[in-house]
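Take a look at the letters that make up each chain.
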Amino acid sequence: MNASISKKICLIGDFAVGKTSLVRRFVDEAFSDDYLTTVGVKISTKRVRLPKGSEVKLIVWDIAGHERLSTVSKTYLQGASGYVLVADGTRANTLQTALALKAQVDPLLHEPPWVGLLNKYDLEAEWEVTATQQQTLLKQGWSLSSAKTGTGVEAAFLRLAEMMLP
Amino acid sequence: MSQHSEYEELQSLLLGNNKQLLQALKARIENPERRTRDVAEVLSAALHLAAQDKALRTALREPMQDAIRDSIRRNPHEIADLLYPVIFPAIRQSIEETLRAFVERIDTLIQQRFSVHALKWRVEAWRTGLPYTEVMLRHSIKYGVEHLLLIQNQSGLLLKHVHSKDALKTDSDAVSAMLTAIESFVRDSFSNTDKERLDRITFGQFMIHLAHGPHATLASVVRGLAPPDYLMRLKELLEDIHAAAAIQLRDFNGDTRQLDAIEPLLQRGFEREYVKPKAKHAASRPPRSLIKRGAMVAGVLLIGIVALSTYRHFEQQGIAALGQRLDAVPGVVVENITHRGDHWVVTGLRDPYAATPEQLLESAGKVGKKITFNLHPYVSLDPEIIFKKALPDLEIPAGLKIATESGMLQLSGQVPLDWYLRLRHTLNETQGSPLLDIRNLQIDLPSAERSIQNLLAGSNVLVTRNADALLVTGNLTPDDATRLQALIGQLSGKLSIELQKTAVTP
């Protein structure tokens with residue numbers, strides 16, 4: 001069955017937190033990664049079947065990583081129904097960046113549904129984000145993921161889709 | 001004081017003058033006419049205010065639809081009359097466009113079926129593995145819309161997508177988003193204002209035309225080169241789409257089913273124009289068939305001109321030759337020969353002693369035309385005519401030459417013996433002619449030989465030639481001997497007749 005519902009979601013986070021790897025792990029079709037360095041965004045699509053039975057097509061805008069949102073990045077965010085915030089567990093400062101970005105995004109998109117991903121869980125031993133911080137973050141809507149192993153990736157996107165389509 | 005009056009007193013104490021006001025208001029509300037007037041005064045302002053809220057539209061939608069439906073049912077002609085100027089031109093235009101496209105397509109395909117192009121396309125189809133019809137269609141299309149993507153502004157979400165049957169398959173949602181991203185990227189990178197928009201993107205044989213509206217962008221992926229006014233038509237189509245579904249476009253929540261109604265409208269955007277081989281080089285040179293026809297006509301004309309010229313030439317030659325031949329006839333002067341209908345008219349002069357028209361026709365020989373003579377009589381001084389007038393009983397033999405000199409007719413040439421004898425006889429009868437000089441006249445030897453042999457038929461003699469003389473050998477009868485002597489006398493100086501071994505025997 002073809003999905004008649006489509007939703008735009010954005011992936012935001014600091015540089016090299018693994019957003020593009022997450023997308024590659026998750027999506028059906030994608031344009032070349034070159035777009036990230038040229039246009040500053042990479043579009044991918046993914047059909048998701050929700051537990052309730054409905055199907056949704058996610059249009060994933062993977063926005064090039066920056067500490068702050070540029071003008072063009074703000075444009076790319078417009079019309080998004082939700083977003084995935086990504087931080088690198090091995091670099092604590094990327095979490096700070098993610099939270100700063102969230103503070104910018106939320107007013108722009110009128111507090112949309114979102115999910116946070118503490119990525120690179122496969123390198124848990126090297127994580128700078130402490131266990132205590134993790135516990136707090138998990139309560140706030142974050143989850144752990146590994147683009148390398150696929151852990152937590154699909155579940156995060158599904159959760160976001162469910163939040164967008166209550 | 002009664003209880004009632006106490007109540008009224010209490011009312012007047014509490015309300016004072018407002019009591020009258022309340023009564024007036026009560027009367028106003030209870031009067032339906034007055035109430036109607038009051039509502040009418042504020043109705044338009046109230047509607048205007050309420051229109052800003054979706055609730056009024058929702059509330060009015062069904063009753064208005066029912067009212068319109070009922071109105072159409074009751075008086076369909078009036079509605080038809082109202083819609084006539086809008087609907088019929090649209091239907092006519094649609095039919096014309098469809099037929100024109102169909103006819104052009106059939107025409108093009110028929111023309112190209114057995115062309116060199118067809119062979120090339122077969123090779124291309126074989127090489128690329130594509131169906132031949134697809135290759136043929138791609139090449140026969142001057143330009144054609146392959147995809148129409150209606151995209152929500154900002155979000156880049158695909159609202160509706162229609163594509164041609166032979167269009168390349170693509171993830172239209174991703175394309176829609178990427179086009180929006182690229183448009184945003186270009187605008188943010190090179191422009192400071194939102195008014196400047198990306199109109200066209202070109203790559204290879206494709207061009208994407210982008211028409212921008214308040215809520216949505218219409219992207220048309222065109223193969224080939226669309227006409228310059230194509231973008232304007234695309235914008236008009238987008239305006240129509242906005243007019244039909246502005247709210248759905250603005251409030252799109254990701255459910256494309258909300259926009260199913262605009263799909264027929266979007267289908268209108270499919271344009272294509274086919275290559276017309278006949279007209280391909282029309283501007284620069286005429287079609288080959290026209291050149292061929294022109295060359296044929298020119299050829300026929302040339303041949304005709306050459307044939308006519310040749311005919312005229314030979315005709316002129318024939319006229320000239322006929323003129324020369326007739327002019328050579330003594331006693332005849334040809335002034336001109338004209339062509340009239342299917343015959344020639346010879347105009348000139350003819351001496352009555354000259355050849356008759358019948359004889360002239362024989363002289364003219366075969367000319368392939370009827371000849372009519374228009375000859376006036378005149379007196380000819382031609383020597384032959386003068387001779388005929390002088391000696392009308394004598395025909396002119398072939399070897400006789402007649403000339404005039406110093407007022408005399410000079411006869412010369414070789415003539416038969418019999419003719420010479422008749423001439424001498426005639427001259428003797430007419431006592432000779434001082435105007436006739438026959439000194440140079442000679443007798444044709446072979447004819448003399450035959451004549452003398454015939455003359456001496458009663459004798460046993462043989463007449464032979466010996467140089468310029470005749471030899472008579474054998475036995476002569478006395479009569480023949482006498483005749484021979486007389487002849488020898490007559491021909492003295494003209495013909496030498498020698499007798500050799502002859503004897504006169506009774």
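Above this note sits the structure.
Read on for a plain summary of the structure. Please read these numbers as outputs of a predicted model, since none were measured by experiment.

Let us now look at the overall build of chain A. A count of helical and extended segments in chain A gives six helices and seven strands. Taken from the N to the C terminus, the helices and strands of chain A come in the order β-α-β-α-β-β-α-β-α-β-α-β-α. A separation of at least 24 residues holds for 70% of the contacts in chain A among residues at least 6 apart in sequence.

As a further point, take the overall build of chain B. Across its full length, chain B carries 16 helices and 16 strands. Per-residue burial for chain B yields a buried fraction of 31% across its 506 residues. Summarising the internal contacts of chain B: among those between residues at least 6 apart in sequence, 55% fall at separations of at least 24. Carbon and sulfur atoms form 57% of the exposed surface of chain B, whose accessible area is close to 32,800 Å².

Here the focus is the sheet that holds strand E8 (residues 343-350) of chain B. Residues and elements named next belong to chain B. Spatial strand order, E7-E8-E9: three strands in an open sheet with mixed pairing. Strands at the two margins of the open sheet, each flanked by one partner only, are strand E7 (332-340) and strand E9 (370-377). On average, each strand axis in the sheet is tilted by 20° relative to the strand beside it, whichever way the strands run. Its contacts with the sheet put helix H12 (residues 357-364) on E7, E8 and E9, and the angle it makes with E9 is roughly 130°.

Each partner contributes residues to the interface: chain B has 23 residues there, and chain A has 22 residues. Along the contact surface separating chain B from chain A lie two salt bridges. In this structure, the salt-bridge partner of Lys57 of chain A is Asp173 of chain B, at a minimum N-O distance of 2.6 Å. Per-class residue counts for the side of chain B that touches chain A are nine nonpolar, eight polar and six charged.

Our next topic: the pairing of strand E11 (residues 408-415) of chain B. Residues and elements named next belong to chain B. The pairing of strand E10 (residues 400-405) with E11 spans six bridges and is antiparallel. Pairing of Thr404 across the sheet is with Leu409, part of E11. Linking two consecutive strands that pair antiparallel, namely E10 and E11, is a turn of two residues; a positive phi of about 55° is found at Ser406 within it. Two elements, E11 and strand E12 (residues 436-437), share two bridges in a ladder whose sense is parallel. Residue pairing for E12: Gln410 is matched across the bridge by Asp437.

It is worth spelling out the packing of helix H1 (residues 19-26) of chain A against helix H6 (residues 153-164) of chain A at this point. Residue and element names in this part refer to chain A. At a minimum axis separation of 9 Å, H1 and H6 run at an interaxial angle of 85°. Judged on the interaxial angle alone, H6 and H1 are roughly perpendicular. Every residue of H6 that contacts H1 at Leu22, Arg25 and Phe26 is listed here: Val153, Glu154 and Phe157. Of the residues belonging to the contact of H1 with H6, the class tally is four nonpolar, no polar and two charged.

On to the environment of Arg325 of chain B, then. All names here are of chain B. With respect to the secondary-structure elements, Arg325 resides in helix H11 (residues 288-327). The class for Arg325 is partly exposed, based on a relative accessible area of 34%. Separated by 39 residues in the primary sequence, Arg325 and Ala364 have C-alpha atoms spaced 6.3 Å apart.

Below, the discussion takes up a nonpolar patch on the surface. Residues and elements named next belong to chain B. A contiguous nonpolar patch, built from Leu10, Leu14, Leu15, Leu21, Leu22, Leu25 and Ile29 and spanning about 690 Å² of accessible area, is present on the exposed surface. Elements represented by at least two residues in the nonpolar patch include exactly helix H1 (3-15) and helix H2 (18-30). The greatest single-element share of the nonpolar patch, amounting to four residues, is contributed by H2.

Let us now look at the packing of aromatic side chains. Taken as a whole, this structure holds seven aromatic pairs over all chains when the rule is applied. On the basis of an interplanar angle of 50° and a centroid distance of 6.0 Å, the ring pair of Trp61 of chain A and Tyr76 of chain A is categorised as tilted. Separated by 15 residues along the polypeptide, Trp61 of chain A in strand E4 (residues 55-63) and Tyr76 of chain A in helix H3 (residues 71-77) bring together distant segments of the chain. The exposure classification of Trp61 of chain A matches that of Tyr76 of chain A, with both residues buried. Ring centres of Tyr143 of chain B and Tyr230 of chain B lie 6.3 Å apart, and the angle between their planes is 65°; this geometry places the pair in the edge-to-face category. With a gap of 87 residues between them, Tyr143 of chain B in strand E1 (residues 141-152) and Tyr230 of chain B in helix H9 (residues 230-250) connect regions that are remote in the sequence. Tyr143 of chain B sits in the buried class, given a relative accessible area of 5%. Residue classification places Tyr230 of chain B among the buried residues on the basis of a relative accessible area of 1%. Through successive ring pairs, a cluster of aromatic residues spans Tyr83, Trp114 and Trp142 of chain A.

This next bit is on helix H4 (residues 92-109) of chain A. Given 3.6 residues per helical turn, the α-helix brings residues three or four places apart onto the same face. Residues and elements named next belong to chain A. Taking 1.5 Å of rise per residue, the 18 residues of H4 would be expected to cover 26 Å, and the 26 Å separating its terminal C-alpha atoms lies within 8% of that figure. Of the residues making up H4, those classed as buried are Thr94, Leu95, Thr97, Ala98, Leu101, Lys102, Gln104, Val105, Asp106 and Leu109. Buried residues along H4 sit in contact with strand E1 (5-13), H3, strand E5 (82-88), strand E6 (114-119), helix H5 (131-139) and strand E7 (142-144). A positive backbone phi angle near 60° is found at His110, which sits one or two residues after H4.

Let us now look at the pattern of salt bridges. All names here are of chain B. The tally for this structure, following the rule as stated, stands at 25 salt bridges over all chains. In this structure, Arg28 and Asp38 form a salt bridge, with 2.9 Å as the shortest nitrogen-oxygen distance. Of the two residues, Arg28 is situated in helix H2 and Asp38 in helix H3 (residues 32-50); the sequence distance between them amounts to 10 residues. Under the relative-accessibility criterion, Arg28 is labelled partly exposed at 33%. Among the ionic pairs, Glu146 bridges to Arg223, the shortest N-O distance being 2.7 Å.

Quick look at the nonpolar core now. All names here are of chain B. Ranked by internal contacts, the top residues of the largest apolar core, which has 57 residues, are Leu150 and Leu218. Ignoring any residue separated from it by four or fewer positions in sequence, one finds Leu218 in contact with Leu148, Leu149, Leu150, His209, Leu210, Ala211, Leu234, Leu237, Leu238, Ile241 and Leu266. Within the second largest apolar cluster, 32 residues are counted, among which are Leu400, Leu436, Leu445 and Leu470.

This part is about the side chain of Ser451 of chain B. Residue and element names in this part refer to chain B. Within the element layout of this structure, Ser451 appears in helix H15 (residues 445-455). On the basis of relative accessibility, which here comes to 15%, the residue Ser451 falls in the buried class. In this structure the side chain of Ser451 is engaged in a polar contact, spanning 3.0 Å, whose partner is the side chain of Asp418. When near neighbours in sequence (up to four residues on either side) are disregarded, Ser451 contacts Leu417 and Asp418.

The next thing to look at is the pairing of E1 of chain A. All names here are of chain A. Across the nine residues that make up E1, a large majority, nine, are buried. The two faces of E1 match: Ile5, Lys7, Ile9, Leu11 and Gly13 on one face and Ser6, Lys8, Cys10 and Ile12 on the other face are all buried. As judged from the five bridges shared by E1 and E5, these two strands associate in the parallel manner. Within E5, the residue paired with Ile12 across the bridge is Leu85.

What counts, and where the lines are drawn
- Counting of residues starts from 1 at the beginning of each chain's written sequence and follows it residue by residue.
- In the order they appear in the text, chains get letters beginning with A and ligands get numbers beginning with 1.
- Local features in a predicted model are, by the rule used here, given only for residues with pLDDT of at least 70; side-chain atom pairs are given and counted only at 80 or more, and totals for whole chains, interfaces and linings are based on all residues.
- Just so you know, side-chain values use all the structure's heavy atoms and leave hydrogens and water out.
- Runs of H or I in DSSP of at least four residues are treated as helices and runs of E of at least two as strands, each being numbered from the N terminus.
- We call two residues contacting when some pair of their heavy atoms lies within 4.5 Å.
- Three labels apply to residues, based on accessible area from a 1.4 Å probe with only protein chains included: buried if under 20% of the type maximum, exposed if over 50%, partly exposed otherwise in between.
- Note on areas: Shrake-Rupley with a 1.4 Å probe; residue coverage comes only from the protein chains shown.
- DSSP-based pairing: two strands are paired if at least 2 bridges between them are found.
- To obtain each axis, a line is fitted to C-alpha atoms, and for helices this fit is confined to the stretch in contact; angles are then taken between N-to-C directions over 0 to 180 degrees.
- Note on definitions: salt bridges are taken to be side-chain nitrogens of Lys or Arg within 4 Å of carboxyl oxygens of Asp or Glu.
- Only Asp, Glu, Lys and Arg are considered charged, only Ala, Val, Leu, Ile, Met, Phe, Trp, Tyr, Cys and Pro nonpolar, and every remaining residue, Gly among them, polar.
- Every angle not falling under 35 degrees, over 145, or within 65 to 115 is termed oblique; those three ranges are roughly parallel, roughly antiparallel and roughly perpendicular.
- Two distance rules govern patches: like charges are joined within 9 Å, and nonpolar side chains (Val, Leu, Ile, Met, Phe, Trp, Tyr) within 5 Å, applied only to residues with over 30% relative accessible area and no salt bridge.
- Put simply, two rings from Phe, Tyr or Trp (the six-membered ring, in Trp's case) pair if the centres are within 6.5 Å, and we call them stacked under 30 degrees between planes, edge-to-face over 60, tilted for the rest.
- One less than the residue count of a helix, multiplied by 1.5 Å, gives the span that helix is expected to have.
- Throughout this description, the term nonpolar core refers to a set of buried Ala, Val, Leu, Ile, Met, Phe, Trp, Tyr and Cys residues connected via side-chain atoms within 4.5 Å.
- Within 3.5 Å is the distance limit for a polar contact, defined as a pair of N or O atoms, with the added protein rule that one can donate a hydrogen and the other accept it, and that residues adjacent in sequence qualify only through two side-chain atoms.

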